Amino acid sequence: SDPGQRRIRRLMLPAIFGLGATQLNIVVDSSLATLQGDGPVSYLQYAFRMIMLPIGVFGVALGTANLARVSRDAARNDTDGLRRGLASALRMAAVLTLPSTAGLIALREPVIALLFERGRFGAHDTTQTAAALLCYALGLYAYSATKIQVPTYYALDDTRRPVLASAVAVATKIVASFALLWWLPRIGVTAFLGLALSTSIAAWTNYVQLAIGLRRRLGSFSEFRVLRTTAAVAVVSGVMGLAVHAAHGASLAIAPRGGTGVEAIRIGLLVTLGAGLTAVGLALARVEEVRSLIDRISGRGGDA
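Throughout what follows, the structure given in this document is the object of discussion. (Residues numbered from 1 in each chain as written. Predicted model: local features only at pLDDT ≥ 70, side-chain atom pairs only at ≥ 80, totals over all residues. Heavy atoms only, no water.)

**Description of the environment of Arg120**
Along the chain, Arg120 turns up in the loop between α4 (108–116) and α5 (123–137). Expressed as a C-alpha distance, the spacing of Arg120 and Tyr46, which sit 74 residues apart in the sequence, is 14 Å. (Helix = DSSP H or I, 4+ residues; strand = E, 2+ residues; numbered from the N terminus.)

Listed below in structure tokens is the structure:
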């Protein structure tokens, strides 16, 4: 009967439903993928595992750090501080996830081949899994940003908006899945890829709803350069992805595909090249988060 307990229960129940939306999407994908044969189920599972790595490393980490900061600001009724902290987290999400998106897309086939192509997993399976990874990767930024947005609503004692956004996103996912399963084969694209693409569409649907709600509640974020930084990072990431893809093709012309060790070294060098190009490009674009990220990695940064 304690008032605090009642308040926690009131906030917790909608949050549980919201967190279950991702699992519901997985169930929908698995159920519909079984209708496409045995292969698509595995292709989607392997590709989704790949996309969850950057989400877990970047999106969840940023969301956890942001929760502590916005909770403190919300408790103090410091709206300006909350907006500043949220904007900083969103800019950092762009710096970390957009280059990851470009890198995954550019190197999707060699990475999949290195990790999974052995035994009964052949070249055709690599191609199909890489195609699914491409579709999932298109929603990577939206996934990660949502991990930042939702805890911000929780800090504001609002669990209703994330639940409604999740419900709309799930409905969008289901409708888009059936529509794409019907339409893609008619333009010569493998049907099961519609399940991965619909997941990205749902992620962006969720993100946009939450962004609109935060803008209405907290005001415009234009003064904090979120859109400018995100656009700059997107351009740099696109150029880097094209360069890395071209470098991979050139490396195969010089040294044809070899064993696991050779391919691991090749991909390691390409990832290093991509990271270097991204750092230089973001520095030239004067994206301040690059310096902040370097300081934090080296231990010279302050509070996250």
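Back to the write-up after that little detour.
**Some points on the pattern of salt bridges**
Counting across every chain of the model gives eight salt bridges. A salt bridge links Arg83 to Asp80; the nearest nitrogen and oxygen atoms lie 3.5 Å apart. Placement of both Arg83 and Asp80 in helix α3 (residues 79–106) is noted, with a separation of three residues, approximately one turn of the helix. Judged by its relative accessible area of 7%, Arg83 is buried. Across the pair Glu289 and Arg91 runs a salt bridge whose closest N-O atoms are separated by 2.5 Å. A residue pair is termed long-range when its members are at least 10 positions apart, and Glu289 in helix α11 (residues 289–298) and Arg91 in helix α3 qualify at 198 residues. Residue Arg91 is classed as buried on the basis of its relative accessible area of 9%. Through salt bridges that share partners, Asp80, Arg83 and Glu223 make up one connected network. (Salt bridge = Lys/Arg side-chain N within 4 Å of Asp/Glu carboxyl O. Buried < 20%, exposed > 50% of the residue type's maximum accessible area, 1.4 Å probe, protein only.)

**A short note on helix α10 (residues 260–284)**
Look at α10: 36 Å from first C-alpha to last across 25 residues, which is about the 36 Å you get at 1.5 Å a residue. Glu263, Arg266, Ile267, Leu270, Gly274, Thr278, Gly281 and Leu282 are the residues of α10 that are buried. Phi turns positive one or two residues past the end of α10, at Arg286, with a value near 60 degrees. (Expected span 1.5 Å × (residues − 1).)

**Some remarks on the packing of aromatic side chains**
The geometry of an aromatic ring pair comes down to the distance between the two centres and the angle between the two planes. This model, assessed by the stated rule, comprises nine aromatic pairs. With centroids separated by 5.8 Å and ring planes inclined at 70 degrees, the aromatic side chains of Tyr141 and Tyr207 adopt a geometry described as edge-to-face. Of this pair, Tyr141 sits in helix α6 (residues 140–155) while Tyr207 sits in helix α8 (residues 193–218), and the two are 66 residues apart along the sequence. Taken individually, Tyr141 and Tyr207 each receive the classification buried, so the pair is uniform in this respect. Ring centres 5.5 Å apart and planes at 90 degrees place the aromatic pair Trp204 and Tyr207 in the edge-to-face group. Placement of both Trp204 and Tyr207 in helix α8 is noted, with a separation of three residues, approximately one turn of the helix. Look at Tyr207 and you get buried, because its relative accessible area is 17%. In this structure an aromatic cluster arises from ring pairing among Tyr46, Phe116 and Phe121. (Phe/Tyr/Trp six-rings, centres within 6.5 Å; stacked < 30°, edge-to-face > 60°.)

**Looking at the layout of surface pockets**
Empty space within the largest pocket amounts to approximately 780 Å³. Residue lining of the largest pocket: 26 residues in total, with Phe58, Leu96, Pro99, Ser100 and Val271 positioned closest to the centre. When residues of the lining of the largest pocket are traced back to their parent elements, those giving at least two are α2 (38–75), α3, α9 (226–254), α10 and α11. With eight residues, the top contributor of residues to the lining of the largest pocket is α10. Partitioned by chemical class, the residues of the lining of the largest pocket number 22 nonpolar, four polar and no charged. (1 Å grid on protein atoms, 1.4 Å probe; cavity = no way out; pocket = protein on both sides within 12 Å on 5 of 7 lines; lining within 4 Å. Points joined across faces, edges and corners; volume = space filled by probe spheres on them. Nonpolar A, V, L, I, M, F, W, Y, C, P; charged D, E, K, R; others polar.)

**A word on the side chain of Thr199**
Along the chain, Thr199 turns up in helix α8. At a separation of 3.2 Å, a polar atom in the side chain of Thr199 contacts the side chain of Asp29. (Polar contact = N/O pair within 3.5 Å; in protein donor to acceptor, adjacent residues only side chain to side chain.)

**Some details on the packing of α6 against α8**
Packed helix pairs are characterised by how far apart their axes lie and by the angle those axes make with each other. Following both chains from N to C, one finds α6 and α8 inclined at 35 degrees, their axes separated by 9 Å at the closest point. For the crossing formed where α6 meets α8, the hand is left-handed. Two secondary-structure elements touch here, α6 through Tyr141, Ala142, Tyr143, Ala145, Thr146, Gln149, Val150, Thr152 and Tyr153 and α8 through Thr199, Ser200, Ala203, Trp204, Asn206, Tyr207, Gln209, Leu210, Ala211, Gly213 and Leu214. The class makeup of the residues in the contact of α6 with α8 is 12 nonpolar, eight polar and no charged. (Axes fitted to C-alpha atoms, helices over the stretch in contact; angles between N-to-C directions. Left-handed = near helix turned anticlockwise from the far one by under 90°. Contact = heavy atoms within 4.5 Å.)

**Structural notes on the packing of helix α7 (residues 160–183) against α8**
Taken N-terminus to C-terminus, the directions of α7 and α8 make an angle of 150 degrees; their axes are 8 Å apart at the nearest point. Of the possible angle classes, the one that applies to α7 and α8 is roughly antiparallel. In the packing of α7 onto α8, the handedness of the crossing is right-handed. Here the residues of the contact of α7 with α8 sort into 13 nonpolar, 10 polar and three charged. (Parallel < 35°, antiparallel > 145°, perpendicular 65-115°, else oblique.)

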